[in-house]
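The residues making up each chain are set out below.
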Amino acid sequence: MVKMAINMDYAERRNRDLTFLKRFKMSTTNLNIWYGAVHAVKNINLSIEKNKVIAIIGPSGCGKSTFLRSLNRMNDVILKSRIEGKILLDEKNIYDTDVDVVEIRRKIGMVFQKSNPFPKSIFENVAYGLRVNGIKDKNYLEQKIERSLKDAALWKEVEDRLDSLALDLSGGQQQRLCIARALAVEPEVVLFDEPCSALDPTATAKIEELIQELKKKYTIVIVTHNMQQAARISDFTAFFMLGELIEFDKTDKIFTAPSKKTTEDYITGRFG
Amino acid sequence: MRLRKIKEFIGFGIVRLATIIILLALFAILYFIVIRGIKVVNWQFLSQMPHSGMTAGGILPAILGTFYLTMCAICFAFPLGVAAAIYLTEYAKQGKLIRIIRIGVSNLAGVPSVVFGLFGLAVFVKFFGFGISILSGGLTLGILILPTIIRSSEEALLLVPHSFRWASLALGASKWQTIFKVVLPNAVSGMLTGSILGIGRAAGETAPILFTAAAFYTTKLPCSIFNEVQALPYHIYALMTEGVHPKAQVPIAYGTALVLIFLVLGINCIAIIMRNRFRRRQKW
């Protein structure tokens, strides 16, 4: 009898774990990041639901960008840092020694704060990620590039000039090109690091609209300075301060009835 | 108030004068060489073999020799220097060892050129048994210009914005792919510029080829890299220090100097034009 109870308990737990895994694309466990002696990210436990937009807000220097970059291991290259804890992508810890970093970065795409197209043609920018992943078939490339540019809501503006230089596009177009480039390699998660901070309101609106559209296919994490933006586009919001996760909840709740005083102070603009 | 103006006037006067003196020195050299050399330079001078014990004829073998030597030097030094620069800036963990290597490279640039000549004699001529030849001289000149190439290649690599590397890595490119597909194509013009300046330097050096490649006088053009050759700088040296007909030899020496100086200036101009073109084209 007792044994059976244990088994049932195990099965139930296992089921619960499985539903957890189905629901969540990524999760961090006791994540700590240091730059030298600076403890930049402190003990973060956070789960990211599939096909949702998760916004990360907080004052400058709160560790939100560092946290974001740890999700696709870009911290390994951008700033030398030390990391502790786990980050699961599906069931796999992306910091395990047997993990191929290159593959992780293909699965978890990233769009940077400042648009950074390569000094190549529009076509070649989007083709780049496919080419480095070994795709040579011209027809496939063309189809894929059209698809990605359409997904990034840029196709109509550039379809007749795919061979012109990407740097001749406007700022907002360049950023959407970077999004198209990230989408082309079929990532599962797309990370946005303040993607609109250098853009005018019209371009920003376009990108926000786009992110709403993208969550149907991808899981999205976006760091933003702009609280209205977080409120407009995200399903969940994480509030970071001084490297700590102060509050993480549904966006509606964070912006209407935050449970912590600090969160309320921040979103009502009392500091930050 | 007046005093301040006077001070300023004197201060600017001094720096302006310094600039003028430098320009004067450059033009004096050019003027001096052109005036003395122009008389002998003509098509025959450029296209004929020397004869009558170097008192008459042209300097074709020296021009060709200098061309072969610098080509050999650049073929050896460019890939090596670029590879070293890639390692130093892209791969190596920045730390004490890399600092020491960088200091070493800088010091290599400061070694007197005659020492390179002796090194080339000991290593390429004797140890590897290449003899006195284009190969030995070219390799010696290659080592001489290696620091220039490494330094300019490193600078060119560092000028490529990090955001390009990040974008590439974030798309699932490996480090190697990132370097070859994104970083190098954007750095190659800078690397070439530095290397062309290196060629200019190599073309003008006498000491490194003195014991390794230069022939005092050849009657036939070189036909393999194991032949010794005449070269422009050494030809001037030979004309001025050896031989028994100074009256006939000195004008030829100035003519040779004129050819050499315009060759080097020409090479440098190409480098500068390339650099400007490249700067105009890059928008990041």
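Thresholds, definitions, all that
- Residues numbered from 1 in each chain as written.
- Chains lettered and ligands numbered in written order.
- Predicted model: local features only at pLDDT ≥ 70, side-chain atom pairs only at ≥ 80, totals over all residues.
- Heavy atoms only, no water.
- Helix = DSSP H or I, 4+ residues; strand = E, 2+ residues; numbered from the N terminus.
- Buried < 20%, exposed > 50% of the residue type's maximum accessible area, 1.4 Å probe, protein only.
- Contact = heavy atoms within 4.5 Å.
- Areas by Shrake-Rupley, 256 points an atom, 1.4 Å probe, with all protein chains shown as cover.
- Lys, Arg positive; Asp, Glu negative; His and termini not counted.
- Charge placed at Lys NZ, Arg CZ, Asp CG, Glu CD.
- Rg over C-alpha atoms; globule rule 2.2 N^0.38 Å.
- Buried area = accessible area lost by both parts, 1.4 Å probe.
- Salt bridge = Lys/Arg side-chain N within 4 Å of Asp/Glu carboxyl O.
- Polar contact = N/O pair within 3.5 Å; in protein donor to acceptor, adjacent residues only side chain to side chain.
- Nonpolar A, V, L, I, M, F, W, Y, C, P; charged D, E, K, R; others polar.
- Pairing = 2+ DSSP bridges.
- Disulfide = S-S within 2.5 Å.
- Axes fitted to C-alpha atoms, helices over the stretch in contact; angles between N-to-C directions.
- Left-handed = near helix turned anticlockwise from the far one by under 90°.
- Expected span 1.5 Å × (residues − 1).
- Bend = angle between axes of the 7 residues up to and from the residue.
- Patch = residues over 30% accessible without salt bridge, like charges linked within 9 Å, V, L, I, M, F, W, Y side chains within 5 Å.

**Student:** Where do I start with the overall build of chain B in this structure?
**Tutor:** Along chain B, the regular secondary structure elements total 11 helices and 2 strands. Reading chain B from its N terminus to its C terminus gives the helix and strand order α-α-β-β-α-α-α-α-α-α-α-α-α. The dimensions of chain B, computed from C-alpha atoms along their principal axes, are 70 × 70 × 35 Å. By residue count, 42% of the 284 residues in chain B fall in the buried class. Within chain B, counting contacts between residues at least 6 apart in sequence, those at least 24 apart form 75% of the total. For chain B, the accessible area works out to roughly 15,300 Å², and carbon and sulfur atoms hold 71% of it. For chain B, the distance from the average site of its 25 positive side-chain charges to the average site of its 7 negative ones is 9 Å.

**Student:** Is there a simple way to explain the overall build of chain A in this structure?
**Tutor:** In terms of regular secondary structure, chain A is built from 12 helices and 10 strands. The C-alpha radius of gyration of chain A comes to 20 Å, within 12% of the 19 Å expected for a compact globule of 272 residues. Along the first, second and third principal axes, the C-alpha atoms of chain A reach 70 × 50 × 35 Å. Across the 272 residues of chain A, 52% fall into the buried class. When the accessible surface of chain A is totalled, it reaches about 13,100 Å², and 51% of it is carbon and sulfur.

**Student:** Would you take a moment to explain the interface of chain B and chain A for this structure?
**Tutor:** Size of an interface, as often reported, equals the accessible area lost when the parts are brought together. Taken together, the 18 residues of chain B in the interface contact 25 residues of chain A. For the pairing of chain B and chain A, the buried interface totals around 1,800 Å² over both sides, and the portion due to carbon and sulfur atoms is 69%. Looking at the side of chain B facing chain A, the largest losses of area belong to W166(B), A170(B) and L171(B), adding up to 36% of the total buried there. Linking chain B with chain A are 0 salt bridges, by the criterion used here. Counting across the chain B and chain A interface gives 4 residue pairs in polar contact (both at pLDDT 80 or more). When contributions to the side of chain B that touches chain A are tallied by element, the ones reaching two or more residues are α7 (162-170) and α8 (175-204) of chain B. Of the residues belonging to the side of chain B that touches chain A, the class tally is 9 nonpolar, 7 polar and 2 charged.

**Student:** Looking at this structure, I do not really get the side chain of Q174(A). What am I missing?
**Tutor:** Residue and element names in this part refer to chain A. Here Q174 is to be found in helix α8 (residues 171-184). Looking at Q174, the relative accessible area reads 12%, which means it is buried. Discounting residues that sit within four places of it in the chain, Q174 has contacts with S115, P117, A166, L167 and L169.

**Student:** I tried to follow the pairing of strand β7 (residues 189-193) of chain A on my own but got confused; where do I start?
**Tutor:** Note on strand geometry: in a regular strand, side chains alternate between the two faces of the sheet. Residue and element names in this part refer to chain A. Of all 5 residues making up β7, 5 are buried, and the element is well covered by its neighbours. Both strand β6 (residues 108-111) and β7 contribute to a ladder of 4 bridges, which runs parallel. Looking at the pairing, V111 lines up with F192 of β7. With 5 bridges joining them, β7 and strand β8 (residues 219-223) adopt parallel strand pairing. Its bridge partner lying in β8, F192 is registered against I222.

**Student:** Would you mind going over helix α10 (residues 232-241) of chain B with me for this structure?
**Tutor:** Every α-helix carries 3.6 residues per turn, so stepping three or four residues along brings you back to the same face. Residue and element names in this part refer to chain B. The element α10 is extensively covered by neighbouring structure, given that 7 of its 10 residues are classed as buried. Residues of α10 that are buried: L232, P233, Y234, H235, I236, A238 and L239. G243 sits one or two residues past α10 and shows a positive phi near 95 degrees.

**Student:** I keep staring at the state of the cysteines and nothing clicks. Help me out?
**Tutor:** When the sulfur atoms of two cysteines share a covalent bond, that bond is a disulfide. Inspection of the entire model under this criterion finds 0 disulfides over all chains. Here C72(B) is not cross-linked by a disulfide; its sulfur's nearest cysteine counterpart is in C75(B), at 7.0 Å.

**Student:** Explanation requested: the packing of helix α3 (residues 60-91) of chain B against helix α6 (residues 134-159) of chain B in the structure shown.
**Tutor:** Two quantities define a packed helix pair, namely the angle between the helix axes and the distance between the axes. With their axes 6 Å apart at the nearest point, α3(B) and α6(B) run at an angle of 35 degrees to one another. Where α3(B) crosses over α6(B), the handedness of that crossing is right-handed.

**Student:** Hey, could you run me through α3(B) in this one?
**Tutor:** Between its first and last C-alpha, α3(B) extends 45 Å over 32 residues, near the 46 Å set by a 1.5 Å rise per residue. A77(B) marks where α3(B) bends most, by close to 25 degrees; the proline P79(B) follows one to four residues later.

**Student:** How do you make sense of a nonpolar patch on the surface when you look at a structure like this?
**Tutor:** Judged by side-chain polarity, I6(B), F9(B), I10(B) and I14(B) come together as a nonpolar surface patch covering roughly 440 Å² of accessible area. Looking at the secondary structure, you find I14(B) in helix α1 (residues 2-37).

**Student:** Which parts of the structure should I look at to understand the pattern of salt bridges?
**Tutor:** Any two side chains of opposite charge can pair, on the condition that their charged atoms come close. Residue and element names in this part refer to chain A. This model, assessed by the stated rule, comprises 23 salt bridges over all chains. Between K150 and E146 there is a salt bridge, with its nearest N and O atoms 2.6 Å apart. You can see K150 and its partner E146 sitting in helix α6 (residues 138-151), 4 residues apart, about one turn around the helix. We classify K150 as partly exposed; its relative accessible area is 37%. Of the residues examined, E146 reaches a relative accessible area of 28% and is grouped as partly exposed.

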